[in-house]
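Descriptive analysis of the structure
What follows is each chain in one-letter form.
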Amino acid sequence: MSNEKPRNPFADIAPALGEYTDKVLFGDVWKRPGLSPRDRSLVTVASLVSLYRTNELPFHLAKAIENGVTKNELIEVITHLAFYAGWPTANTAVAMARKVFGEVEGK
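Structure report, in brief.

**Points about the nonpolar core**
Within the largest apolar cluster, 18 residues are counted, with the highest numbers of intra-cluster contacts made by V45, V49, L57, L61, L74 and I78. Of all the secondary-structure elements, those providing two or more residues to this core are α2 (37-50), α3 (57-66), α4 (71-82) and α5 (87-105). Looking at this core element by element, the count peaks at 6 residues for α5. Not counting residues up to four positions away in its chain, the partners in contact with V49 are L57, I78, L81, T89 and A93.

In structure tokens, the structure reads:
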């Protein structure tokens, strides 16, 4: 058994969901060759903003930066989505981006 910490915060209570998340989603799906990790991050952030999935958005904003998406590009995505997903949705996403950007810079 590995001493490696699980990637997700719910593996202790939902081990099967944790395993699917680690092995299928972040293993198979994110590693498919059809899109780069950078492009997958852009698509994921856009989807999470549009669907107002605020629980997952901070993680994926940070992952997008890790995958080479710039802060300015993320703000452009959010600004663009204000007209398609709604102003309040974009406003919330900007506040979350501000926090994540500060955390990333503080590392």
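**A few points about unusual backbone geometry**
A positive phi angle, near 55 degrees, is found at Y52, a position not held by glycine. Along the chain, Y52 falls in the loop between α2 and α3. Classification of Y52 as partly exposed rests on a relative accessible area of 44%.

**A short note on the packing of aromatic side chains**
Applying the stated criterion across every chain yields a total of 3 aromatic pairs. Between the aromatic rings of F26 and F59, the centroid separation amounts to 5.8 Å while the plane-to-plane angle is 75 degrees, which identifies the pairing as edge-to-face. In this pair, F26 sits in helix α1 (residues 15-29) while F59 sits in helix α3, placing the two residues 33 residues apart along the sequence. Owing to a relative accessible area of 9%, F26 belongs among the buried residues under this scheme. For F59, a relative accessible area of 40% gives the class partly exposed. On the numbers, 5.4 Å between centres and 90 degrees between planes, the contact of F83 with W87 is edge-to-face.

**Section: the pattern of salt bridges**
Counted under the stated rule, the structure contains 4 salt bridges. With a shortest N-O distance of 3.3 Å, K23 and E19 are connected by a salt bridge. Linking K23 with E19, this pair stays in helix α1, spanning 4 residues, or about one helical turn. The partly exposed category is assigned to E19, whose relative accessible area is 42%. The partner of E105 in a salt bridge is K71, with the nearest N and O atoms 2.6 Å apart. Here the residue E105 occupies a position in helix α5, and K71 occupies one in helix α4, the gap between them amounting to 34 residues.

**As for the packing of α2 against α3**
Angle between the axes and distance between the axes: these two values describe a pair of packed helices. Between α2 and α3, whose axes approach to 9 Å, the crossing angle comes to 155 degrees. Taken as axis vectors, α2 and α3 run roughly antiparallel relative to one another. Considering how the two elements wind past one another, α2 and α3 form a crossing that is left-handed. The segment α2 lies against α3, with S41, T44, V45, L48 and V49 engaging L57, H60, L61, K63 and A64. Here the residues of the contact of α2 with α3 are counted per class, giving 6 nonpolar, 3 polar and 1 charged.

The rules behind each value
- Residues numbered from 1 in each chain as written.
- Predicted model: local features only at pLDDT ≥ 70, side-chain atom pairs only at ≥ 80, totals over all residues.
- Heavy atoms only, no water.
- Core = buried A, V, L, I, M, F, W, Y, C linked by side-chain atoms within 4.5 Å.
- Buried < 20%, exposed > 50% of the residue type's maximum accessible area, 1.4 Å probe, protein only.
- Helix = DSSP H or I, 4+ residues; strand = E, 2+ residues; numbered from the N terminus.
- Contact = heavy atoms within 4.5 Å.
- Phe/Tyr/Trp six-rings, centres within 6.5 Å; stacked < 30°, edge-to-face > 60°.
- Salt bridge = Lys/Arg side-chain N within 4 Å of Asp/Glu carboxyl O.
- Axes fitted to C-alpha atoms, helices over the stretch in contact; angles between N-to-C directions.
- Parallel < 35°, antiparallel > 145°, perpendicular 65-115°, else oblique.
- Left-handed = near helix turned anticlockwise from the far one by under 90°.
- Nonpolar A, V, L, I, M, F, W, Y, C, P; charged D, E, K, R; others polar.

Honestly, it's all geometry; don't read function into it.
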